[in-house]
Each structure stands twice: as structure tokens, then as C-alpha cells.
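A structural walkthrough
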Amino acid sequence: MSESTITEDQVRDEHLKSVHVPAHWGYLCGVLLVGALLMIGLIALMAASAG
């Protein structure tokens, strides 16, 4: 198969075969959860120091 005959769908399928989807979702949810907890913690810290 030469480069001129490879389609976008074939490239996408090849990349998706090497992706562990649950791990990616876990990472995404973890980043969002930790970010939200840090944001709430910093808001609480600023509120405590202001009052």
C-alpha cells in the first residue's frame, strides 16, 4: 500500500487500534475532577482569608 492510496479513514482506524479508550476516559475524568477540587479549595482559601 503506497502513501497515495491510504485514506483518512484507514489512518484513523490504525490510530484507534492502539488507543486504550477506558484509560483515556479515566485520565480525562481525573484531570477534570482534580482541577475542580483544586478550584473549590482555592476559592475556599481566598474566602477564608478575605473575611
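Here goes a summary of the coordinates provided. (Residues numbered from 1 in each chain as written. Predicted model: local features only at pLDDT ≥ 70, side-chain atom pairs only at ≥ 80, totals over all residues. Heavy atoms only, no water.)

Digging into the overall build of the protein chain
- Scanning the protein chain from terminus to terminus reveals two helices and zero strands.
- Rg of the C-alpha trace for the protein chain: 21 Å, well past the compact-globule value of 10 Å for 51 residues, more than 25% over.
- A principal-axis box enclosing the C-alpha atoms of the protein chain has dimensions of 70 × 20 × 10 Å.
- For the protein chain, with 51 residues in total, the buried portion stands at 0%.
- Working note: accessible area of the protein chain is about 4800 Å², and carbon and sulfur atoms make up 71% of it. (Helix = DSSP H or I, 4+ residues; strand = E, 2+ residues; numbered from the N terminus. Rg over C-alpha atoms; globule rule 2.2 N^0.38 Å. Buried < 20%, exposed > 50% of the residue type's maximum accessible area, 1.4 Å probe, protein only. Areas by Shrake-Rupley, 256 points an atom, 1.4 Å probe, with all protein chains shown as cover.)

A closer look at the pattern of salt bridges
- By the definition in use, this model includes two salt bridges.
- As a salt-bridge pair, Arg12 and Asp9 come within 2.7 Å of each other at their nearest N and O atoms. A residue pair is termed a helical-turn pair when its members lie 3 or 4 positions apart in one helix, as Arg12 and Asp9 do in helix H1 (residues 8-17) at three residues.
- Here the residues in one salt-bridge network are Glu8, Asp9 and Arg12, joined through shared partners. (Salt bridge = Lys/Arg side-chain N within 4 Å of Asp/Glu carboxyl O.)

With respect to helix H2 (residues 21-50)
- Between its first and last C-alpha, H2 extends 44 Å over 30 residues, near the 44 Å set by a 1.5 Å rise per residue.
- Counting buried positions along H2 yields zero of 30 residues, so the element is predominantly exposed. (Expected span 1.5 Å × (residues − 1).)

Everything listed here is a matter of geometry and, on its own, says nothing about what the molecule does.
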